[in-house]
Amino acid sequence: MTTQTILGVALATVIGTGLASAQLINGAGATFPYPIYSKWFDSYHKQFPNLQFNYQSIGSGGGVKQITEGTVDFGASDNPMSDKLLAAYKAKRQNSVLHFPSVLGAVVIAYNLPNVPQQLNLSGELLAAIFLGRVWKWNDPEMVKMNPGVKLPDATIVVIHRSDGSGTTFILSDYLSKVSKEWEAKVGRASSVKWPTGLGGKGSEGVTGQVKQIPNSLGYTELIFAVQTRTPFAKMRNASGALIQADLKSVTEAAASSEGLPDDFRASITNAPGKGAYPISSFTWLLIPDRIQDPAKRNAVKSFLKWMLTDGQDMTEALNFSRLPKAVIAKELRLIEKIQ
C-alpha cells in the first residue's frame, strides 16, 4: 500500500467519524524541532484542510507538563520521559504515553568572537570546564591547546544558557555527564539544571539572540538556529578523537553507530562511538497518549504520524535535520497501531 493510499484511507476514516468540519489538534513542547514541525503542520494542513495543528514552542519541560495535565493532544520533547514521569502520567491520566522519534538533530556550541575568523575546536572535557566556570578566559591554555595557531583574545567567556526547562539542555547535560565526571557529580543531566555560571535566555531563540548580541559569548543551541542566524559554532572532538562538524552526515552516523533502540524508543545517542559521529546528537520525540477517546482526533493523529514517517521525512534535510533510519521508521509504523 502506498503512502498516499494509507493517508487517503486514514483521512476517509477521519471524515467518516465526524471530521466534516475543521478538526484542531493542539500540541506543545520542544523548541529544538520547531522549524520542521512548523513546516510539517503547514504542509499537512494544505493537503488536508479539514485538519489543523496548533503547536506552542514552549520547551520540552512544558510539553511534558501539558501532556501530563491533559491540556494538549500531544507533547514534544528532546529528552524521553523518565520512568518517574511516566508513572506520574499513568497515575494522573489512567493510560500511558508513547514516544515517537520524529527527526534527528544536533546541539551546537555557538560563539561570538568578532576578530577570530577561524572555526573553533572544542572537546567535551573543555566544554564542561567552561560551563562549570573553571575555564573562564578565551585564551586559557586548554583553549589555546585545542586551537593551535588561532589568536584568541584575553577576554572573559560570557556563558549563555537556557533559563527555561529544555530538552536541548538535557541533550547537552547528558553529553557532558558522559564525558566529565566533575560535571556529572556537580550538575548532572536534566531539562533544568543549576548552572554554575552564565546568563539565561528563554528558548533556543533567546540563547541564539544573546550570543549574537554579546561579544565574547558562548552558548548552545540547535544546528538549525545557528545556521539560520549565521552564528559561528565549534567543531567538537568525538569519542574516537576526531574533530567533527555538525551536519546531516555526522548526525546520521551518530544514530547509526549507537546501540539498537529499545522498543519504547527512549534512548540517548550522545557521545556515540562512530568515527564520524557528531557527539551532541539526539532524536527528538512526539509524546502521544496510547488512548485517545475522540475517534476523529485519534484517527487524525494516527494519519499524521504515518505521513510524518513517510512523506514528511523528505522535508527534513532542507532544514538541517537528519531523516530517521529506515529500521526506526518501520518500528514506529507498527507502534502507531497501539494508539487506541
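Heads up: the structure comes first, above all this text.
Just so you know, these numbers come straight off a predicted model, no measurement behind them.

Engineer: In this structure, what is going on with the environment of Leu261? I would like to understand it.
Structural biologist: Summarising the element assignment, Leu261 is placed in the loop between α11 (248-257) and β11 (281-289). Residue classification places Leu261 among the buried residues on the basis of a relative accessible area of 17%. Taking C-alpha positions, Leu261 is 20 Å from Asp290, a pair spaced 29 residues apart along the chain. Leave out the neighbours within four places in its chain, and Leu261 touches Ala267, Phe283, Val328 and Lys331.

Engineer: I'm lost on the sheet that holds strand β4 (residues 97-112) in this one. Help?
Structural biologist: In a beta sheet, neighbouring strands pair by backbone hydrogen bonds and run either parallel or antiparallel. What the eight strands build is an open sheet, ordered β2-β1-β3-β11-β4-β8-β6-β7; its pairing is mixed. The sheet is open, and its two edges are formed by β2 (51-57) and β7 (199-201), each paired on a single side. Adjacent strand axes in the sheet meet at a mean angle of 25° when their direction is disregarded. Sheet analysis places β4 next to β11, joined by nine bridges and oriented antiparallel. Looking across to β11, one finds that Gly105 is bridged to Ser282. In the packing of helix α2 (residues 34-47) onto the sheet, the strands contacted are β2, β3 (74-77), β4 and β11, and the crossing angle to β2 comes to about 165°.

Engineer: Is there a simple way to think about the pattern of salt bridges in this case?
Structural biologist: Pairing is possible between side chains that carry opposite charge, provided their charged atoms lie close to one another. Enumeration according to the criterion identifies 18 salt bridges in this entry. Residue Lys186 pairs with Glu182 through a salt bridge whose shortest N-O separation is 2.9 Å. With Lys186 and Glu182 both in helix α8 (residues 181-186) and four residues apart, this pair spans about one turn of that helix. For Lys186, a relative accessible area of 60% corresponds to the exposed category. A network of salt bridges, in which partner residues are shared, links Asp174, Lys178, Glu184 and Arg189.

Engineer: Help me out: how do you make sense of empty space enclosed by the protein in this one?
Structural biologist: Empty space among the atoms can be located by rolling a probe the size of a water molecule over them. Counted under the stated rule, the structure contains one cavity of 30 Å³ or more. The calculated volume of the largest cavity comes to roughly 50 Å³. Along the walls of the largest cavity sit Phe41, Phe53, Phe74, Leu286, Ile288, Val301, Phe304 and Leu305, which together make up its complete lining. Secondary structure elements with two or more residues in the lining of the largest cavity: β11 and α12 (295-308). Taken together, the residues that form the lining of the largest cavity break down as eight nonpolar, no polar and no charged.

Engineer: Can you walk me through the side chain of Thr270 in this structure?
Structural biologist: Turning to its location among the elements, Thr270 is positioned in the loop between α11 and β11. Thr270 gets classed as buried once you look at its relative accessible area, which sits at 5%. A distance of 2.7 Å separates the side chain of Thr270 from the side chain of Asp174, its partner in a polar contact. With residues up to four places along the chain from it excluded, the contact list for Thr270 reads Ile171, Asp174, Tyr175, Lys178, Pro279 and Ser281.

Reading the values: rules and limits
- Residues numbered from 1 in each chain as written.
- Predicted model: local features only at pLDDT ≥ 70, side-chain atom pairs only at ≥ 80, totals over all residues.
- Heavy atoms only, no water.
- Helix = DSSP H or I, 4+ residues; strand = E, 2+ residues; numbered from the N terminus.
- Buried < 20%, exposed > 50% of the residue type's maximum accessible area, 1.4 Å probe, protein only.
- Contact = heavy atoms within 4.5 Å.
- Pairing = 2+ DSSP bridges.
- Axes fitted to C-alpha atoms, helices over the stretch in contact; angles between N-to-C directions.
- Salt bridge = Lys/Arg side-chain N within 4 Å of Asp/Glu carboxyl O.
- 1 Å grid on protein atoms, 1.4 Å probe; cavity = no way out; pocket = protein on both sides within 12 Å on 5 of 7 lines; lining within 4 Å.
- Points joined across faces, edges and corners; volume = space filled by probe spheres on them.
- Nonpolar A, V, L, I, M, F, W, Y, C, P; charged D, E, K, R; others polar.
- Polar contact = N/O pair within 3.5 Å; in protein donor to acceptor, adjacent residues only side chain to side chain.

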